[in-house]
Amino acid sequence: MSETTTLSGRARLWFVTTLLMGTFTMSISQSAVSTAYPTLMRYFSISASTVQWLTTGFMLIMCIMMPVSPWLLSNIGFKSLFLSVLIMFDVGTLLIILAPNFPLVLLGRALEAIGVGILFPSYQTVLLTITPREERGGAMGLAGLVMGSALAVGPIISGIVLRFTTWQGLFIVFMIVITLVILLSLKTIINVMPQVPSHLDWLSVISLVGFIGVLYVINLVGTPGVNWGMASVILIVSILLLLFFGIRQLRLKEPLLDLRVFKVVQFNKSVWLTGLSYIALIVVTIVFPLYYQIILGVSPFISGMALVPGAVFLSILNPLTGRLADRIGFKKVLLIGMTMILVGWGILALIPGKFSLWAMMPIAMLIEGGNAFVMMPATTLGADALPNEKVSHGTAVITTMRQLLGSTGVAVATILLSLGGVATATLGNFHIAFITFFVLEIIGLVLALSLKDKKAKD
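Since the model is a prediction, treat every value here as computed from it, not as a measurement.

Conventions used here
Residues numbered from 1 in each chain as written. Predicted model: local features only at pLDDT ≥ 70, side-chain atom pairs only at ≥ 80, totals over all residues. Heavy atoms only, no water. Phe/Tyr/Trp six-rings, centres within 6.5 Å; stacked < 30°, edge-to-face > 60°. Helix = DSSP H or I, 4+ residues; strand = E, 2+ residues; numbered from the N terminus. Buried < 20%, exposed > 50% of the residue type's maximum accessible area, 1.4 Å probe, protein only. Core = buried A, V, L, I, M, F, W, Y, C linked by side-chain atoms within 4.5 Å. Contact = heavy atoms within 4.5 Å. Patch = residues over 30% accessible without salt bridge, like charges linked within 9 Å, V, L, I, M, F, W, Y side chains within 5 Å. Areas by Shrake-Rupley, 256 points an atom, 1.4 Å probe, with all protein chains shown as cover. Salt bridge = Lys/Arg side-chain N within 4 Å of Asp/Glu carboxyl O.

Caption draft 1: Fine view of the packing of aromatic side chains. Scanning the entire structure with this criterion turns up 17 aromatic pairs. Ring centres of tyrosine 291 and phenylalanine 430 lie 5.2 Å apart, and the angle between their planes is 85°; this geometry places the pair in the edge-to-face category. Residue tyrosine 291 is located in helix 13 (residues 265-294), and its partner phenylalanine 430 is located in helix 19 (residues 427-450); the two are separated by 139 residues in the primary sequence. Here the aromatic rings of phenylalanine 430 and phenylalanine 434 are separated by 6.3 Å at their centres, their planes lie at 35°, and the arrangement is tilted. Residue phenylalanine 430 and its partner phenylalanine 434 are both found in helix 19; the two are separated by 4 residues, about one turn of the helix. By relative accessible area, which is 3% here, phenylalanine 434 ends up buried. Taken together through their ring pairs, the aromatic side chains of Phe288, Tyr291, Tyr292, Trp345, Phe430, Phe434 and Phe437 make up a single cluster.

Caption draft 2: Up close: the nonpolar core. By size, the foremost hydrophobic cluster in this structure holds 148 residues, and its most contacted members are Phe78, Phe288 and Trp345. Looking at this core element by element, the count peaks at 15 residues for helix 13. Residues in contact with tryptophan 345, not counting those within four places in the same chain, are Ala280, Val283, Val284, Phe288, Ile367, Phe434, Phe437, Phe438 and Glu441.

Caption draft 3: The arrangement of a nonpolar patch on the surface in detail. Residues Ile172, Ile176, Leu180, Leu183 and Leu186 make up a contiguous nonpolar surface patch of about 470 Å² in total accessible area. Relative to the elements of secondary structure, isoleucine 176 occurs in helix 9 (residues 167-188).

Caption draft 4: Local environment of the pattern of salt bridges. On inspection of all chains with the given rule, the structure shows 4 salt bridges. Between glutamate 112 and arginine 109 there is a salt bridge whose closest N-O contact spans 2.9 Å. Placement of the pair is glutamate 112 and arginine 109 together in helix 7 (residues 102-130), with a separation of 3 residues, close to one helical turn. Across the salt bridge formed by aspartate 258 and arginine 260, the nearest N and O atoms sit 3.2 Å from each other. For aspartate 258, a relative accessible area of 3% gives the class buried. One salt-bridge network, held together by shared partners, links Asp258, Arg260 and Lys390.

This is the structure in structure tokens:
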């Protein structure tokens, strides 16, 4: 077993900067592509349901790779793992740029997703490992800047780039940045994680296909002409595979993903809190632009630009909330965040009628800003409840659950906006959605109230 390498001073600064640059760029690529859908549909002569696989397929592959990340961190030196992930992403992006047909674009996107799925839990584990417990709030605030802000600003950056270049130009930007990160990594990234070689349980890996099946069916919601008989079979088989995966992890001496972390009550609550805050964020970035275009009749460009204030507010708050949590306690910060989210949804749920664009923008800022007070502080609180050797498993669990809950939130929003068999969502549909997410976030506030404060515990 190799020991953890310590970092300090300039070496630490460059290490963290390089790590976050790579992760931020990959995170932007996750949400930015949707803006290019209309262009890609015309370019390859494909339907909306086909082009959607650039996001759906990406998400499915990510969810398989996330639970594998603890094993990779324990068995491969972090520098080698990080460089491999970056190179895989670059190769996938190059394939997309040069692709003469859509299947090759999908293949390139799959390679990108493998890299992102490995890196998302890994970078959080690394930050938690190299940071003293009393400073973890600030470090994870930077991690929140990557996770939350990149998701919010992805469509905005994409819209700006596509305004001045072709759809390939968007991927060229990603490739240039990741290539620069690769060059930086050769000098700045070192092996910081202890190596504990173990056997890879292939049965566990194969059973992770259940995640693909569950997410696939969730993403069928709201799609016309679905064969729900076949979808039900896929869902049942997928759930059985996930049950097999869970039982096997509890019986293995060296599990692929240690699900015993769920026995820690503080960690368990943190998982659900991060999931609920992520639902609030991702639903705002998807439902609000629809509200702007369908109810208020603004253009797609204006609806995208209306997200800018919320994204900027989220980006400013993320690093600050982490440091604030270290000072005043995590529970207080989480309560502030959940209250902000709840007030945002509450205004929309409890006040009937149509809101103007200028009224919706500060509400979006309130909900997105609340996310900065919840998602990464809750992740940090959950990680602190675990022994150091279980942190990689904890972050993989949180990241995977966040993805599953986020997808479920989007599916629920889709169902609510299509209630009554309407071709286009009505104001009534949107109001039902607002009420639903308001009630959901009440649960989040109750969870936050029941947490034990890290500072008090220490």
